[in-house]
Amino acid sequence: MTDPQQVHDVTGIGFGPSNLALAIALREKAQQGASILDAVFLESKPAFAWHPDMLLDNSDMQVSFIKDLVTLRNPASPFSFLSYLHAKGRLERFVNRKSFFPSRHEFNDYFAWAAEQMGGICAYDQHVIGVEPVQARGDSVDLLAVIAQDSKGEQTRRLTRNLVLAVGGKPSVPEVFAEVQDTAEVVHSSAYLSTVKPRLAAADKPMKIAVIGSGQSGAEIFNDLANDPARPEVDFIFRSHALKPSDDSPFVNEIFNADFTSYVYQQPPARRRALMEEYSNTNYSVVDGDLIAQIYGLFYEQDVTGGSAYGLLRSTQVTAAKAQGGRIALTLCPAHGGNAETRSYDLVVLATGYQRRIGETLLSGLNDYVSGRETGRTYQLATAERFRPRIFLQGYCEETHGLSDTLLSVLAVRVDEIANELLAPRQDTEARLTAAE
């Protein structure tokens, strides 16, 4: 039972890799002599799962296993990926693979293994529906109330002194799909495996599917569909002329180092935006080079055999989408001018990424206290003087902290910084925030 009068030191919303790493950091710091904080994490899913609808077969990580939950913070941690391999009896076999990049299935299993070892620190099946200020003396706010609801509709109200938001992004749906996004025929990549694959298996004839988007997710989904035993007909549609490889060369990869986060933060806004644009080809609208080669080979082989199941509609933009008798009709126009055509599909998969906007999160109810203020270097929202709780963000600071903010690359170092702030006396934290602004 949850005590409605209990006040937690820390409440984390979301229990993906970011807040899981924070929970581990707080435990390890307590074992090393730091204060033991009363921390609880709330997760809407019934059990730990990391992007479950994109755990495609034969898909590998694009980041080294060394950038796991802990290693860059504490290489000796028992929660490292190498510790996981040892516990599973696969350490030597993994070494024999001679790869820094585990499969996505294996890294998800590693995360779940670490989450299981954290015991009852996370309450699952807790969909947070609101965060409210709790006023104490006059108009000052000393605590936050976090209201969550389970799958049975029962609500729980928890009080906390500090909040860490790590809920991931909201699926981005282009405006042209606004009127059809709630139909069964339009699916975002975040629901791919649980939605598209069962329909493929149940169909009595090959389905006609459009995949929209030229990034890694779009390419992976197209490749997965092209190799599905149901043999669907698939059009791969994107606005650029070619699939572009991600730049993961050593010097460029240094932008994901922890010290580069500080460098980005110290720059004026215009310079930050320029850096984002300069290095966008490390993360946005780019695809792993090996996967590009596979897809190119697929189309080449189709030319050899004279097939027509797969279409590559590059330099093409969708200008209209309409629901028609259980299908979706897309109006397709050449990106640089020309005649439009209409094609009808059984399913449209939107591999169009995610949005991360603070104003659209659970913090919107706290606008009177945090609106218009920038996040500090240690990911803490600057707040009004009368507002005592501290709020930290994981994955919502890309504009100020750089491209690595939404990725796993700086995760272990970021949670170290956040944990240190949570453990610091309140007045010291305020002084550091003031100096950073």
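Let me begin by describing the structure that accompanies this report. Keep in mind that this is a model prediction, so the values were computed, not measured.

What the rule picks out here adds up to 24 aromatic pairs. Residues phenylalanine 222 and phenylalanine 236 carry aromatic rings whose centres are separated by 5.0 Å and whose planes lie at 10° to one another, so their mutual orientation is stacked. Remark: phenylalanine 236 occurs in strand 12 (residues 233-237) and phenylalanine 222 occurs in helix 6 (residues 216-226); sequence separation between them is 14 residues. Of the two residues examined, phenylalanine 222 and phenylalanine 236, each falls in the buried class. Between phenylalanine 260 and tyrosine 263, the aromatic rings sit 5.4 Å apart at their centres with planes inclined by 40°, giving tilted as the arrangement. Placement of the pair is phenylalanine 260 and tyrosine 263 together in helix 8 (residues 258-265), with a separation of three residues, close to one helical turn. For phenylalanine 260, a relative accessible area of 19% puts it in the buried group. The exposure class of tyrosine 263 is partly exposed, given its relative accessible area of 33%.

The space that makes up the second largest pocket amounts to roughly 250 Å³. Residue lining of the second largest pocket: Phe238, Ala242, Leu243, Ile292, Ile295, Tyr296, Phe299, Tyr300, Asp303, Leu312 and Arg314, and that is the complete set. For the lining of the second largest pocket, the element with the most residues is helix 10 (residues 289-305), which contributes six residues. Taken together, the residues of the lining of the second largest pocket sort by class into nine nonpolar, no polar and two charged.

This part is about the sheet that holds strand 7 (residues 155-160). Whenever strands of a sheet pair, they do so through backbone hydrogen bonds, lying parallel or antiparallel. Judged by pairing direction, the sheet is mixed, and its four strands sit side by side in the order 1-7-6-5 without closing on themselves. Looking at the sheet topology across the chains shown, the edges are occupied by strand 1 (7-8) and strand 5 (127-135). Pairing analysis gives six bridges linking strand 6 (residues 141-149) to strand 7, with the strands arranged antiparallel. Bridge pairing links alanine 148 to threonine 156 in strand 7.

Moving on, we get to helix 1 (residues 17-31). Here helix 1 contains 15 residues, and its C-alpha end-to-end distance of 21 Å stays within 8% of the 21 Å for a straight helix at 1.5 Å per residue. The buried count for helix 1 comes to twelve of 15 residues, which makes it a mostly enclosed element. Here helix 1 has its buried residues at Pro17, Ser18, Asn19, Leu20, Ala21, Leu22, Ala23, Ile24, Ala25, Leu26, Glu28 and Lys29. Here the buried face of helix 1 lies against strand 2 (10-13), strand 3 (39-42), helix 4 (104-117), strand 8 (162-165) and helix 13 (411-423). Within two residues after helix 1, glycine 33 carries a phi angle of roughly 110°, on the positive side.

How each quantity is defined
Residues numbered from 1 in each chain as written. Predicted model: local features only at pLDDT ≥ 70, side-chain atom pairs only at ≥ 80, totals over all residues. Heavy atoms only, no water. Phe/Tyr/Trp six-rings, centres within 6.5 Å; stacked < 30°, edge-to-face > 60°. Helix = DSSP H or I, 4+ residues; strand = E, 2+ residues; numbered from the N terminus. Buried < 20%, exposed > 50% of the residue type's maximum accessible area, 1.4 Å probe, protein only. 1 Å grid on protein atoms, 1.4 Å probe; cavity = no way out; pocket = protein on both sides within 12 Å on 5 of 7 lines; lining within 4 Å. Points joined across faces, edges and corners; volume = space filled by probe spheres on them. Nonpolar A, V, L, I, M, F, W, Y, C, P; charged D, E, K, R; others polar. Pairing = 2+ DSSP bridges. Expected span 1.5 Å × (residues − 1). Contact = heavy atoms within 4.5 Å.

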